[in-house]
Amino acid sequence: MYSSYMRRRPARSYSCRMSMTIDAPTLQGGPSLPQERRLVTSIPGPKSEALIARKQAAVSAGVGTMMPVYAAAAGGGVIVDVDGNSLIDLGSGIAVTNVGNADPHVTAAVIEQVQRFTHTCFTITPYDGYVEVAEALNRLTPGDHAKRTALFNSGAEAVENAIKIARYYTGKSAVVAFDHGYHGRTNLTMALTAKAMPYKAGFGPFAPDVYRAPMSYPYRDGLSGAEAAERAIHMMDRQIGVDRIAAIIIEPIQGEGGFVVPAEGFLPALQKWANANNVVFIADEVQTGFARTGQMFASEHEGVVPDLITLAKGIAGGLPLAAVTGKAEIMDAPHAGGLGGTYGGNPIATAAALGALQAYDEHDLLARALELEGIIRHELTALQSTDARIGDIRGRGAMMAIELVDANGKPDAALTGKVAKHCHVNGVIVLTCGTDGNVIRLLPPLSIGDDLLREGISVIAEALAAN
Ligand code: PLZ
């Protein structure tokens, strides 16, 4: 029974504008939560309904929400909502809780730190946790050259800073991103992001001197990695001129753009070209990083050694932290005081990161990501053999997706939306992505169990059968 494991804290109630009160049951999250899909109300239940109404009255309409339920606790492979429904989590809060929600390594480190001090500002009165995270990232990221790290708050902020550093180092200004790329929602990162709706429409003008090169998208373009790289390099040479290009930025596997895995050889060819032309090669591993793909960083699958790498999401078990790590001579180029921010590398977030890094190691989450890939590929391949609407299965590790198409092979966003909705109301959190909105992506926490993962995929199968 729900109440048998629910640990109620002293009753708290929150009164809202309409003087309605809602009990907020406080559960102990983390891996000890029962690992099951269990619906005790319709989705959304009454407590979530009430919160949805309050949200509408209090939160900017520009901030959309995908799931119609409000979270109360999470851990392992489930999120429990305020009505007591337990949902299978195949999203990890967009690839963040790789080590699992409320992982004990993370919560212990946070509690210890939050009781010592919560903030001093690293650029005013520094502390050791920041330095320790920098040392760890310098050690863990690809390449054995001398490295330096700077910490920030979000993926977008890391990307902004990587571009600043690349421009400073090269003395050049043009930046190249790729078709389907996603790099954030700030002004410069909106310029780098490909997709207009919902990220850019109405929010311009955007930062100048940003260009877009063609991506390698094997399912759609049929090109080899070498051919796709030649096409991109030709465009950059002819349309921009290499003597103007400070940096190229690319996700080794595209996230929001549709889990596009470039053809083998594409990334190494771009890296080689960049190195030969004083162009900083930035790998945006915000979504692919931290064991998600079965390597600590996705660049490693093809032996790519980026000049700079941007990191966030999986870095700190759910606390906001981001980083730029890269070659010492590039990272050390800006003048002292040129990089910073009030909260970057906040002590609670760095403590959480050190806890999360322990969890990656102790639970051997690299191996776990590959095991999850095996299960996902097996289940999805079986599904595809009887359903031609699954045009492509792709990804690596616990970052896998299906691209849904109609009878003519065209992207089928309507079907994708219906499949996702079916999953949501049946207790499975799945996310969609893709420039054409026709990709269902699976990003389970690496702490999910085999059976729960299989059950989640079986609900996707039901959703396809019902539509
Ligand atoms: N680079 C590769 O995936 C964030 C965005 C969700 P922030 N992706 C999820 C949304 O709707 O806003 C992302 C990413 C890559 C950069 C970012 C930006 O990271 O931490 O959201 O700023």
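This text follows the structure it describes.
Here the structure is a predicted model, which is why all the values come from computation and not from measurement.

A. Fine view of the layout of surface pockets. Empty space within the largest pocket amounts to approximately 1,600 Å³. In this structure, the largest pocket is lined by 50 residues; those nearest its centre are Gly93, Ile94, Arg185, Lys313 and Leu431. Of all the elements in the fold, those that place two or more residues in the lining of the largest pocket are strand S5 (86–89), helix H3 (92–95), helix H6 (155–170) and strand S16 (431–433). Looking at the lining of the largest pocket residue by residue, the class counts come to 24 nonpolar, 18 polar and eight charged. Shared between two domains, the lining of the largest pocket holds at least three residues of each, these being domain 1 (3–101 + 364–466) and domain 2 (105–362).

B. Seen up close, the site of the ligand. Near the ligand there are 14 residues, and of these Gly155, Ala156, Arg185, Asp284 and Gln287 occur at the shortest range. Asp284 places a polar side-chain atom, nitrogen or oxygen, 2.7 Å from a nitrogen atom of the ligand. Relative to its unbound accessible surface of 510 Å², the ligand loses 82% to contact with the protein. Judged by its atoms lying within 2 Å of the grid points, the ligand is housed in the largest pocket. Tallied by class, residues from the shell around the ligand come to four nonpolar, five polar and five charged.

C. Examining the environment of Gly427 more closely. Here Gly427 lies in the loop between helix H14 (413–425) and strand S15 (428–429). Owing to a relative accessible area of 0%, Gly427 belongs among the buried residues under this scheme. Setting aside its immediate chain neighbours within four residues, Gly427 contacts Arg37, Leu39, Leu87 and Ile88.

Conventions we followed
- Every chain's residues receive numbers from 1 upward, in the order its sequence appears when written.
- Side-chain atom pairs in this predicted model are given and counted only at pLDDT of 80 or more, local residue features only at pLDDT of at least 70, and totals for whole chains, interfaces and linings cover all residues.
- Heavy atoms from the whole structure form the basis of all side-chain values; hydrogens and water molecules are not counted.
- Residues are called lining when one of their atoms sits within 4 Å of a cavity or pocket point, these points coming from a 1 Å grid over the protein atoms alone, where a cavity is a set in which a 1.4 Å probe fits but cannot get out and a pocket is an open set with protein on both sides within 12 Å along at least five of seven lines.
- Grid points are joined across faces, edges and corners, and a volume is the space filled by probe spheres set on the points.
- Only DSSP runs of H or I with at least four residues qualify as helices, and only runs of E with at least two residues qualify as strands; both kinds are numbered from the N terminus onward.
- Each residue is assigned to one of three groups, with Ala, Val, Leu, Ile, Met, Phe, Trp, Tyr, Cys and Pro labelled nonpolar, Asp, Glu, Lys and Arg labelled charged, and all others, Gly among them, labelled polar.
- For the domains described, the bounds stem from an automatic or database domain assignment.
- It suffices for a single heavy atom of a residue to lie within 4 Å of a molecule or strand for the residue to be listed as near it.
- Polar contact criterion, stated in full: a pair of N or O atoms within 3.5 Å, where within protein one must be able to donate a hydrogen and the other to accept it, and residues adjacent in sequence count only if both atoms are side-chain atoms.
- For every accessible area listed, the method is Shrake-Rupley and the probe measures 1.4 Å; residues are considered covered only by the protein chains on display.
- The rule for placing a molecule in a cavity or pocket is simple: more than half of its atoms must lie within 2 Å of the grid points.
- A 1.4 Å probe rolled over the protein chains alone gives each residue an accessible area, and that area as a share of the maximum for its type sets the label: buried under 20%, exposed over 50%, partly exposed in between.
- Contacts are residue-level and defined by heavy atoms, with any inter-residue pair within 4.5 Å sufficient.

So far we have only geometry, and geometry alone does not tell us how the molecule works.
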